[in-house]
Amino acid sequence: MEWRTVALTVLIVSLCFLAIPIRIGKDTSGEDVKLFKSYITEYNKSYRYDPEEYEERFKRFQRSLRHIEKMNGLRSSQESAYYGLTAYSDMTEDEFLTQTLVPDLSKRGGRHVNASYHQCHRQWQMTNRVTRSTGIPLKFDWRERGVVGPVRSQGTCGACWAFSTVEVAESMFTIKNGTFYSLSVQEMIDCARNSNFGCEGGDICSLLSWLLLTKARILLESTYPLTRKTGTCMLGKTLDNGPSMRIRDFTCDSFVDAEDELLETLATHGPVAAAVNALSWQNYLGGVIQYHCDGSFESLNHAVQIIGYDKSDKIPHYIIKNSWGTSFGDKGYMYIAIGSNLCGTINQRDKIKC
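Residues numbered from 1 in each chain as written. Predicted model: local features only at pLDDT ≥ 70, side-chain atom pairs only at ≥ 80, totals over all residues. Heavy atoms only, no water.

Per an unreviewed UniProt entry, the chain goes by the name Cathepsin O and belongs to Dufourea novaeangliae. The UniProt entry for the chain carries the following text under Sequence similarities (unreviewed entry): "Belongs to the peptidase C1 family." (UniProt positions renumbered as here; feature names shortened; annotations may be inferred.)

(A) Focus on the overall build of the chain. When helices and strands are counted, the chain shows 10 helices and 13 strands. Here the chain holds 354 residues, and the buried ones make up 51% of them. Considering only contacts in the chain between residues 6 or more positions apart, those separated by 24 or more positions represent 76%. Of the roughly 17,400 Å² that the chain leaves accessible, carbon and sulfur atoms contribute 54%. (Helix = DSSP H or I, 4+ residues; strand = E, 2+ residues; numbered from the N terminus. Buried < 20%, exposed > 50% of the residue type's maximum accessible area, 1.4 Å probe, protein only. Contact = heavy atoms within 4.5 Å. Areas by Shrake-Rupley, 256 points an atom, 1.4 Å probe, with all protein chains shown as cover.)

(B) The arrangement of the nonpolar core in detail. Among the nonpolar cores identified, the biggest contains 47 residues, and W281, Y284, I289, Y309, Y318 and W324 are the most heavily contacted of them. Mapped by element, the contributors of at least two residues to this core are helix 3 (51-73), helix 10 (259-268), strand 7 (272-276), strand 9 (288-289), strand 10 (302-310), strand 11 (317-321) and strand 12 (333-337). Leaving out residues up to four positions away in the same chain, W324 has contacts with Y88, F96, T100, L101, R152, S153, Q154, A278, W281 and H302. The next biggest cluster of nonpolar side chains, apart from the first, holds 40 residues, and it includes F163, V168, M172 and C205. (Core = buried A, V, L, I, M, F, W, Y, C linked by side-chain atoms within 4.5 Å.)

(C) Highlighting unusual backbone geometry. Residue N44 is not a glycine yet carries a positive backbone phi of 50 degrees. If you trace the backbone, N44 turns up in the loop between helix 2 (29-42) and helix 3. For H292, which is not glycine, the phi dihedral falls at a positive 55 degrees. Along the chain, the position of H292 falls in the loop between strand 9 and strand 10. Taking the relative accessible area as the measure of exposure, H292 reaches 45% and is therefore partly exposed.

(D) Fine view of the packing of helix 7 (residues 160-177) against helix 9 (residues 204-214). Remark: helix 7 packs on helix 9, axes separated minimally by 9 Å, with the N-to-C direction vectors making an angle of 60 degrees. In terms of their interaxial angle, helix 7 and helix 9 are classed as oblique. The chirality of how helix 7 crosses helix 9 is right-handed. Residues W161, A162, S164 and T165 of helix 7 form the contact with helix 9, whose participating residues are I204, L207 and L208. Counted by class, the contact of helix 7 with helix 9 contains five nonpolar, two polar and no charged residues. (Axes fitted to C-alpha atoms, helices over the stretch in contact; angles between N-to-C directions. Parallel < 35°, antiparallel > 145°, perpendicular 65-115°, else oblique. Left-handed = near helix turned anticlockwise from the far one by under 90°. Nonpolar A, V, L, I, M, F, W, Y, C, P; charged D, E, K, R; others polar.)

(E) Spotlight on helix 4 (residues 93-100). What helix 4 keeps buried is the set E95, F96 and T100. One side of helix 4 holds all its buried residues, which, seen down the axis, span an arc of 100 degrees. In helix 4, the exposed residues that point more than 90 degrees away from the buried face are D94 and T98. Tucked inside the fold, the buried residues of helix 4 contact helix 3. (Arc of directions from axis to C-beta.)

(F) Region of the structure containing the packing of aromatic side chains. Across all of its chains, the model carries 17 aromatic pairs by this definition. Grouped by ring-pair contacts, the aromatic residues F36, Y39, Y43, Y47, Y54, F58 and F61 constitute a single cluster. When the ring centre of Y333 is taken as origin, the NZ or CZ atom of R143, which lies over that ring, is 4.3 Å away. Looking at R145, its charged tip hangs above the ring of W142, at a distance of 5.9 Å from the centre. (Phe/Tyr/Trp six-rings, centres within 6.5 Å; stacked < 30°, edge-to-face > 60°. Lys NZ or Arg CZ within 6 Å of the ring centre and 35° of its normal.)

(G) Region of interest: the pattern of salt bridges. Across all of its chains, the model carries 13 salt bridges by this definition. In this structure, E221 engages R152 in a salt bridge whose closest nitrogen and oxygen atoms are separated by 3.4 Å. Placement of the pair is E221 in the loop between strand 4 (218-219) and strand 5 (244-245) and R152 in the loop between strand 3 (139-141) and helix 7, with a sequence separation of 69 residues. (Salt bridge = Lys/Arg side-chain N within 4 Å of Asp/Glu carboxyl O.)

(H) Molecular detail of the state of the cysteines. Taken as a whole and judged by the stated rule, the model has four disulfides. Through a disulfide, C205 is tied to C252; the S-S separation comes to 1.9 Å. Measuring handedness by torsion sign, the sulfur bridge of C205 and C252 sits at about -140 degrees and is left-handed. Taken together, the positions of C205 in helix 9 and C252 in strand 6 (residues 249-254) put the pair 47 residues apart, joining distant regions of the chain. For the pair formed by C205 and C252, the shared burial category is buried. Across the disulfide from C293 sits C343; the S-S distance is 2.0 Å. Classification of the bridge connecting C293 and C343 rests on its S-S torsion, roughly 120 degrees, and on that basis the disulfide is right-handed. (Disulfide = S-S within 2.5 Å.)

(I) Local environment of the environment of L263. Structurally, L263 can be placed in helix 10. Note: C-alpha distance between L263 and I338 (75 residues apart in sequence) is 9.4 Å. Residues within four places of L263 in sequence aside, it is in contact with I136, Y309, K311, Y318 and I338.

(J) Local environment of the packing of helix 2 against helix 3. Interhelical geometry of helix 2 versus helix 3 gives an angle of 110 degrees and a closest axis separation of 10 Å. As far as their axial angle goes, helix 3 and helix 2 are roughly perpendicular. Only Y54, R57, F58, F61, Q62, L65 and R66 of helix 3 make contact with helix 2, whose side of the interface consists of S29, D32, V33, L35, F36, K37, Y39 and I40.

(K) Spotlight on the environment of K70. Mapping K70 onto the fold places it in helix 3. Exposure remark for K70: the relative accessible area of 56% places this residue in the exposed category. The sequence separation of K70 and Y83 amounts to 13 residues, and the corresponding C-alpha distance is 9.4 Å.

Structural data, given as structure tokens:
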């Protein structure tokens with residue numbers, strides 16, 4: 001064989017071998033399709049019969065799968081937050097923000113900074129903080145005292161501000177009077193004004209201010225049941241004759257540089273409503289969130305209830321009651337690490353007296 005032929009043959013064979021490593025990674029498309037079919041059945045997604053939307057949702061679902069793999073790969077311990085498929089895993093981040101959260105919550109909250117009921121706690125203002133913080137239990141959970149009601153689901157109604165506020169009012173009334181009553185969130189959605197717009201958004205301080213200024217009574221949920229839609233306000237009619245409760249006082253607090261005071265408030269006063277950044281919660285399943293959750297005031301977009309804490313755990317954390325139903329997170333609850341203002345947990349807190 002002529003040397004040029006031999007050289008050409010060797011070159012071609014070499015190129016074949018060199019081409020093999022160009023294809024890297026596992027082809028997961030087949031597995032993704034199977035997972036997606038199970039997913040749309042489990043969550044009863046309506047687009048299963050719409051080929052165009054089905055294809056688009058599948059792409060978003062695949063992005064969530066890769067993000068879940070990445071987040072779980074960053075876990076530092078068994079107690080760290082872990083992620084998987086949720087009802088929101090077929091959404092883009094923008095969709096999740098606009099359809100589930102309140103994108104302008106920080107702007108709404110900013111209006112209250114100079115209000116008389118807003119308090120801003122700074123480190124230099126605190127006295128005997130170490131003594132005070134060591135005087136509270138290492139663990140405190142208001143669920144164990146029977147003052148926290150069942151987890152609700154807001155569905156597609158953007159009224160987290162109403163859910164969290166009413167649920168804290170329920171807890172505070174129970175702490176004071178010893179009897180738990182389920183109060184009406186729907187009344188707040190339909191009736192509360194003062195820059196609140198039902199399922200289209202609102203904020204905790206505006207709602208509490210409206211309740212205090214108007215002396216409006218919060219009716220029982222059985223009297224004014226939840227529909228998860230903004231409807232006509234039914235106050236002023238026969239509904240007013242039923243049992244109810246009133247807000248006596250409240251404060252909107254910022255605990256920046258004063259987290260020990262927040263812990264003391266939880267242990268000695270009761271649960272608090274909180275504005276948070278929930279954008280990274282889209283695929284959360286459980287465990288303690290320690291990273292990847294911006295805590296800046298500008299990023300606040302959701303409202304929850306903080307019902308306790310656990311400083312004795314390997315990762316000290318707050319106990320968060322959410323309003324996305326019991327199928328989300330740990331039966332509707334979440335856990336956020338103490339000490340770093342993760343998810344904006346110390347930016348805005350609201351204490352209520354009934």
